[in-house]
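If you want the building blocks of each chain, they are given just below.
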Amino acid sequence: MMNSAFSAVELAPSDPILGLTELFKSDNNPNKVNLGVGVYYDDNGNVPLLSCVRLAESKIVAKHRARSYQPIEGNTQYNKLVQTLLFGSDSELLNTNRIITAQTLGGTGALKVGADFLRQIVGCSDVWISDPSWANHQGIFSNAGLKVNVYPYYDPNTRGIAFDRMVEQLKALPQQAIVLLHACCHNPTGVDLTADQWQIVTDIVVDRGLIPFLDIAYQGFGSSLDEDGAVVRLFTEKCQNLVISNSFSKSFSLYGERIGGLSIMSGTAGEAKRVQSQLKRLIRTNYSSPPIHSGALVETVLADSELKAQWVNELTGMRERIKKMRLDLSTNIAKLCPGADFSFITQQKGMFSYSGLTKEQVIKLREEHSVYAVESGRICVAALNSQNVEFVSDAISKVIL
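The shown structure was predicted, so the numbers you read here are calculated from the model rather than taken from an experiment.

### A closer look at the packing of aromatic side chains
Then comes step 1: Inspection of the entire model under this criterion finds 10 aromatic pairs.
Then comes step 2: Here Y78 and F248 contribute two aromatic rings whose centre-to-centre distance is 6.2 Å and whose plane-to-plane angle is 75°, an arrangement assigned as edge-to-face. On the criterion of sequence distance, the pair formed by Y78 in helix 3 (residues 76–87) and F248 in the loop between strand 9 (242–247) and strand 10 (259–265) is long-range, its members being 170 residues apart. Taken as a pair, Y78 and F248 share a single burial class, namely buried.
Then comes step 3: Centre to centre, the rings of F248 and F252 are 5.4 Å apart; their planes meet at 85°, and the pair counts as edge-to-face. With respect to class, F248 is no different from F252; both count as buried.
Then comes step 4: The ring of F24 is capped by K32, whose NZ or CZ atom sits 4.6 Å from the centre of that ring.

Following this line, the structure appears as structure tokens:
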């Protein structure tokens, strides 16, 4: 019998976050808490089904639509609504035909299609991501054929941004280098640039001729939809070119529906048309066209004034609940462990926090208290609730003593 053609295939290392979930599932402690997975949970510890989504789905099902193929770039109305959300309804840019948008398989799909476009069509060779960044950024851009480098971002000593070193590195980048930037709610640290710092970064991008790639997966989880989108509008005011990946996984609680978008801003309408033609070729040879249902859900909500208002209200509720969990965690630890200052957690934004816990403390937290976190110390604050926040606070207090 001939040897298998796959006999030399090596076992890949497990995903650090998904592997953590497997450990969590095997834990028999009834009080166990998983702070590793990047998913929003409600106060009952469940992934919510938003009321606006439920109503939108009822409307869609009632129409009994056929399930034919969508265009390669997805539904036109969906794409227009994505542009309005990102760039603002009053943006003059929307009438210039300089922006093209494609419905993608989540924000991850948008990142991959964007990376393929920049490598294969534009001819870029290097991308620079923040240190640290979302773990999947490294793999996505590397698999697209780009060399992945890092620029300084987080300063563990100040629990803030190493801005001077970040600026120094960005100023040294070669022309047409891709710079991946988290538009809001930085993952994994929760630490965002200030408005003044964004102005400086944007100016450097323009002066150096860099290609900005904004990843905005958490719009609405920081301050508001409008405030979280301000960075996008800032770049459109100053730059000729801009690449944006956006996701509705968190803001619509549609994780398994895989719905997002890739938007590219070009210098002219003619340039944008050529970009779109190449983007469609890349998508065609990848997944051919996006699914109907996920895009229809988002489109139905965003196109209906009442449903959109309901969505904004529900999103506000999620954002405020996370803020309360940040405050409760910080307050509890201060009471349980006098001298330990965790107030910085309340200044961070979005679903995640760099807690400052060491690898050793994270392991102790897991093995002795059944509280699971990524070994970098990153925790998902959205996994905390009124039933487990005291338990987690107590566990953290014990491992930092």
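### Quick word on the side chain of S251
Then comes step 1: Relative to the helices and strands, S251 is located in the loop between strand 9 and strand 10.
Then comes step 2: For S251, a relative accessible area of 4% gives the class buried.

### Looking at the environment of N136
Then comes step 1: Note that N136 resides in helix 5 (residues 135–143).
Then comes step 2: With relative accessibility at 31%, the residue N136 sits in the partly exposed group.
Then comes step 3: Taking C-alpha positions, N136 is 8.4 Å from T108, a pair spaced 28 residues apart along the chain.

### Looking at helix 1 (residues 16–26)
Residue pairs three or four apart in sequence face the same way in an α-helix, which turns once every 3.6 residues.
Then comes step 1: Those residues of helix 1 that sit buried are I17, G19, L20, T21 and F24.
Then comes step 2: Buried positions along helix 1 lie against strand 1 (33–34), helix 13 (359–369), strand 12 (371–372) and strand 13 (378–380).

### Details of the packing of helix 2 (residues 51–62) against helix 12 (residues 305–336)
Then comes step 1: Contact pair helix 2 / helix 12: the axes reach a minimum separation of 8 Å and the direction vectors enclose 150°. Relative to helix 12, the element helix 2 lies roughly antiparallel. Where helix 2 approaches helix 12, its residues S51, C52, L55, A56 and K59 are matched on the opposing element by L307, Q310, W311 and E314.
Then comes step 2: Tallied by class, residues from the contact of helix 2 with helix 12 come to 5 nonpolar, 2 polar and 2 charged.

### A closer look at a positive patch on the surface
Then comes step 1: A grouping of K59, K63, R65 and R67 is seen on the molecular surface, where their side chains present a positively charged patch.
Then comes step 2: Tracing the backbone shows R67 in the loop between helix 2 and helix 3.

### Structural notes on the nonpolar core
Then comes step 1: In terms of nonpolar packing, the biggest core is built from 99 residues, with M166 and W311 touching the most fellow members.
Then comes step 2: Of all the elements, helix 12 adds the most residues to this core, at 8 residues.
Then comes step 3: When sequence neighbours within four positions are dropped, the list of residues in contact with W311 reads L50, C52, L85, L225, S251, F252, V301 and L302.

### A few points about the sheet that holds strand 4 (residues 147–152)
Sheets are built from strands paired through backbone hydrogen bonds, the pairs being either parallel or antiparallel.
Then comes step 1: The strand order 2-10-9-8-7-3-4 describes an open sheet built from 7 strands, whose pairing is mixed. Since the sheet does not close on itself, it has two edges, and those belong to strand 2 (99–105) and strand 4, each with one partner. Taken pair by pair, the neighbouring strands of this sheet meet at an average axis angle of 25°, ignoring direction.
Then comes step 2: Inspection of the sheet shows strand 7 (residues 178–182) paired to strand 8 (residues 211–216) by 5 bridges, in the parallel sense. Paired with L180 across the strands is F213, a residue of strand 8.
Then comes step 3: Contacts from helix 6 (residues 163–171) reach strand 3 (126–131), strand 4 and strand 7 within the one sheet, and its direction differs from that of strand 4 by about 140°.
Then comes step 4: The strands touched by helix 9 (residues 230–238) are strand 7, strand 8, strand 9 and strand 10; relative to strand 8, the strand with the most contacts, the crossing angle is about 165°.

### A few points about unusual backbone geometry
Then comes step 1: For the bond running from D131 to P132, omega is 5°, close enough to zero to count as cis.
Then comes step 2: Tracing the sequence through the fold places P132 in the loop between strand 3 and helix 5.
Then comes step 3: For Q176, which is not a glycine, the phi torsion comes out positive at approximately 70°.
Then comes step 4: Assignment of secondary structure puts Q176 in the loop between helix 6 and strand 7.
Then comes step 5: According to the relative accessible area criterion, Q176 is partly exposed, its value standing at 42%.

Conventions adopted
Residues numbered from 1 in each chain as written. Predicted model: local features only at pLDDT ≥ 70, side-chain atom pairs only at ≥ 80, totals over all residues. Heavy atoms only, no water. Phe/Tyr/Trp six-rings, centres within 6.5 Å; stacked < 30°, edge-to-face > 60°. Helix = DSSP H or I, 4+ residues; strand = E, 2+ residues; numbered from the N terminus. Buried < 20%, exposed > 50% of the residue type's maximum accessible area, 1.4 Å probe, protein only. Lys NZ or Arg CZ within 6 Å of the ring centre and 35° of its normal. Contact = heavy atoms within 4.5 Å. Axes fitted to C-alpha atoms, helices over the stretch in contact; angles between N-to-C directions. Parallel < 35°, antiparallel > 145°, perpendicular 65-115°, else oblique. Nonpolar A, V, L, I, M, F, W, Y, C, P; charged D, E, K, R; others polar. Patch = residues over 30% accessible without salt bridge, like charges linked within 9 Å, V, L, I, M, F, W, Y side chains within 5 Å. Areas by Shrake-Rupley, 256 points an atom, 1.4 Å probe, with all protein chains shown as cover. Salt bridge = Lys/Arg side-chain N within 4 Å of Asp/Glu carboxyl O. Lys, Arg positive; Asp, Glu negative; His and termini not counted. Charge placed at Lys NZ, Arg CZ, Asp CG, Glu CD. Core = buried A, V, L, I, M, F, W, Y, C linked by side-chain atoms within 4.5 Å. Pairing = 2+ DSSP bridges.

Keep in mind that these numbers describe shape and distance, not what the molecule does.
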